[in-house]
Amino acid sequence: MGDPSRGVVLPVYVAADESSSMQPYTHDLNMGLAALHAALLGEPMAASKVRMAVVGFADMPVLRLPLTDLRDVEALPELQPMGMTCYGTLFDFLREQIPHDVVSLRAESLRVVRPVVFFMTDGMPTDDWQPAYRRLTDRQALPAAPHIIACGIGGADASVVADIASVPEFGFIARETVDLGSAIGRFFSSLTRSVVASATSIAAGIPELVVERPEGFRLAIDEV
């Protein structure tokens, strides 16, 4: 009997707010990415089941790291906060990028489970983002439409975060007692544990999306 996990990968997109309000926390953002990379390298079986991309977004999205096997890179790119907070351009970018990446993975004879987007924002969007979001999450039009785990910190609005999460239990908002720098670190810690657990389940041949609530966060749906 064949190995059910052979050649199966999970595409993960880290979508991090790079608006100007994040400028004081650039170090926290980049330390979080570095810790994520190091943790996955320490879990080689899990790392083999993950392909990761890093997308910064402000006025426009920037693909900081194309979808990559993290075992093949020495360090993740640094985020560089600037500009306004726009969600729609990010969602349109992902709507184009994700199908392209899935096709590329399949061309490598890999099987692809549904992609996951880990979305983090610290403020309110300045654009009309809902039409682009609907295009991204419409599974009829986009068979590879991703799961979206949304985390809000700082000035993020709980109802907006809840609307972005693909299901209510995937939307989290930082508690008011958690400072922004700590919230960023906790987001990346949770992201790391979720990715490792999900990838481990794939390696075991029983694929499961594991999403852990970050410490100091509550469900965003609480305020809806």
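Residues numbered from 1 in each chain as written. Predicted model: local features only at pLDDT ≥ 70, side-chain atom pairs only at ≥ 80, totals over all residues. Heavy atoms only, no water.

Colleague: Got a minute to help me understand the packing of helix α3 (residues 88–107) against helix α4 (residues 130–137) in this structure?
Modeller: In a pair of packed helices, the angle between the axes and the distance between the axes together describe the arrangement. Packing of α3 against α4 leaves a shortest axis separation of 8 Å and a crossing angle of 20°. With respect to α4, the axis of α3 lies roughly parallel. For the crossing formed where α3 meets α4, the hand is left-handed. Residue-level contacts link Gly-88, Phe-91, Asp-92, Leu-94, Arg-95 and Ile-98 of α3 to Ala-132, Tyr-133, Arg-135 and Leu-136 of α4. Partitioning the contact of α3 with α4 into residue classes produces 6 nonpolar, 1 polar and 3 charged. (Axes fitted to C-alpha atoms, helices over the stretch in contact; angles between N-to-C directions. Helix = DSSP H or I, 4+ residues; strand = E, 2+ residues; numbered from the N terminus. Parallel < 35°, antiparallel > 145°, perpendicular 65-115°, else oblique. Left-handed = near helix turned anticlockwise from the far one by under 90°. Contact = heavy atoms within 4.5 Å. Nonpolar A, V, L, I, M, F, W, Y, C, P; charged D, E, K, R; others polar.)

Colleague: What exactly am I supposed to notice about the pairing of strand β3 (residues 61–68) here?
Modeller: Two faces, one strand: in a regular strand the side chains alternate between the faces of the sheet. In this structure, strand β2 (residues 50–57) lies alongside β3, joined through 5 bridges in antiparallel fashion. Residue pairing in the sheet places Met-52 in a bridge with Thr-68 of β3. (Pairing = 2+ DSSP bridges.)

Colleague: Whenever I open this one, the side chain of Asp-17 confuses me. Can you help?
Modeller: Relative to the elements of secondary structure, Asp-17 occurs in strand β1 (residues 8–17). Among buried charged residues, Asp-17 stands out as having no salt bridge; its nearest opposite-charge side chain is Arg-64, 11 Å away. A distance of 2.8 Å separates a polar atom in the side chain of Asp-17 from a polar atom in the side chain of Thr-121. A polar contact is formed between the side chain of Asp-17 and the backbone nitrogen of Asp-122, at a distance of 3.2 Å. Leaving out residues up to four positions away in the same chain, Asp-17 has contacts with Met-22, Leu-29, Phe-57, Thr-85, Met-120, Thr-121, Asp-122 and Gly-123. (Buried < 20%, exposed > 50% of the residue type's maximum accessible area, 1.4 Å probe, protein only. Lys, Arg positive; Asp, Glu negative; His and termini not counted. Salt bridge = Lys/Arg side-chain N within 4 Å of Asp/Glu carboxyl O. Polar contact = N/O pair within 3.5 Å; in protein donor to acceptor, adjacent residues only side chain to side chain.)

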